[in-house]
Amino acid sequence: MELRHLRYFVALAEELSFTAAAQKLNISQPPLSQQIRDLEHELKTELFRRSSRQVELTAAGHAFRRHALAILAQTRQAAAQVSAIGQGRAGIIHLATTNSVLLSGLSLAIAEFRRMHPDVEITIDEMPPQEQVAALKARRVDICFLRLAPDDRDLVVRRVWSERIGLAVPAGHKLAGKKTTTILELRDEDFVFYRLRDSAFAAHLQSFCAQLGFLPKIVQQVVESMSIASLVSAGLGIGFVPESVGRQGLPGLRYLRLSGPCPVADVHAVTQDDADPIIDQFIAFAAQTKADVLTR
């Protein structure tokens with residue numbers, strides 16, 4: 001049984017005339033009659049009662065008509081959905097990121113994209129950067145948003161927006177009254193740091209300090225930038241945080257910009273090389289949304 005059998009059957013069921021149904025289908029009458037006979041043979045039952053004066057549906061024909069209409073409608077719906085996904089107008093985006101990237105502007109991009117594309121569903125998984133890359137390679141997620149792009153030829157990396165790294169200090173710290181400082185001034189400080197085993201970005205920050213002649217004295221390690229900010233505000237040390245986190249206005253915390261040589265916290269989108277069009281569309285939208293915010 002093929003879809004054309006169902007279309008021919010429905011046309012005849014609606015017209016109850018082989019001549020009218022053939023005209024509606026833009027075919028001649030003999031092929032239509034043959035297709036209906038083939039369908040009845042396959043179903044092993046008559047769908048129509050035929051006489052020289054009229055064509056009528058049998059009880060089996062009435063039942064089959066309901067199923068045929070449903071199947072054809074479902075087929076049209078499936079074709080429309082697949083076409084929309086292929087053109088980037090619908091689909092599901094499984095996204096992995098961290099809290100600090102959401103704060104940095106990704107949350108706004110997700111909300112705006114959903115408002116403009118109601119047929120696109122976006123699921124969000126918060127996880128450490130290393131786990132994000134593993135999930136992407138296992139195809140459990142479609143896209144990762146990371147501070148430090150992985151060096152992996154099997155993945156596609158695009159910088160979505162730039163962001164500074166700054167310094168969070170407790171409100172009572174000796175540097176709290178300053179607006180800027182340099183990394184070299186921090187060599188004797190206690191640091192609340194990103195957990196090194198989970199984050200290539202943490203290793204990057206540590207290496208950057210080492211190139212300037214010292215290793216940070218790490219007293220606490222956490223996963224998220226907001227956790228660093230929270231512990232710093234409680235007086236447990238100082239910490240590097242993205243500007244979007246430092247500007248949150250957390251009580252007990254002061255944010256300083258870094259002058260001189262300093263690392264950056266640029267946000268990168270990482271995907272497989274065969275990502276769906278909707279993924280590319282979302283990345284471009286996120287970049288433009290962030291750019292619009294910065295120019296306001």
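Residues numbered from 1 in each chain as written. Predicted model: local features only at pLDDT ≥ 70, side-chain atom pairs only at ≥ 80, totals over all residues. Heavy atoms only, no water.

Caption draft 1: Quick peek at the pairing of strand E9 (residues 190-194). Among the five residues of E9, four are classified as buried, and the element is accordingly described as predominantly covered. Judged from the five bridges that link them, E9 and strand E10 (residues 217-222) form a sheet pairing that is parallel. Each residue of the ladder has a partner; that of aspartate 190, found in E10, is lysine 217. Handedness of the E9-helix H7 (residues 200-211)-E10 crossover: right-handed. (Buried < 20%, exposed > 50% of the residue type's maximum accessible area, 1.4 Å probe, protein only. Helix = DSSP H or I, 4+ residues; strand = E, 2+ residues; numbered from the N terminus. Pairing = 2+ DSSP bridges. Right-handed = clockwise from strand over helix to strand, strands pointing away.)

Caption draft 2: Geometry of unusual backbone geometry. Positive phi is not limited to glycine here, since lysine 44 has a value of about 60 degrees. One can find lysine 44 in the loop between helix H3 (29-43) and strand E1 (48-50). On the accessibility criterion, lysine 44 (75% relative accessible area) is exposed. Phi is positive for arginine 139, close to 60 degrees, though the residue is something other than glycine. Positionally, arginine 139 belongs in the loop between helix H6 (129-137) and strand E5 (143-146).

Caption draft 3: Region of the structure containing the layout of surface pockets. Roughly 220 Å³ of internal volume is contained in the largest pocket. With four residues, H6 is the largest single contributor of residues to the lining of the largest pocket. Of the residues in the lining of the largest pocket, the class split is 11 nonpolar, six polar and two charged. (1 Å grid on protein atoms, 1.4 Å probe; cavity = no way out; pocket = protein on both sides within 12 Å on 5 of 7 lines; lining within 4 Å. Points joined across faces, edges and corners; volume = space filled by probe spheres on them. Nonpolar A, V, L, I, M, F, W, Y, C, P; charged D, E, K, R; others polar.)

Caption draft 4: Region of the structure containing the pattern of salt bridges. Under the definition given, this model contains 16 salt bridges. Across the salt bridge formed by glutamate 56 and arginine 49, the nearest N and O atoms sit 3.7 Å from each other. Classification of arginine 49 by relative accessible area gives partly exposed; the value is 44%. Aspartate 266 is the salt-bridge partner of arginine 159, the closest N and O atoms lying 3.3 Å from each other. Note that arginine 159 is positioned in strand E6 (residues 155-161) and aspartate 266 in the loop between strand E12 (253-258) and strand E13 (267-272), a separation of 107 residues in sequence. Given the relative accessible area of 10%, aspartate 266 is considered buried. (Salt bridge = Lys/Arg side-chain N within 4 Å of Asp/Glu carboxyl O.)

Any link to function would need more than the numbers given here.
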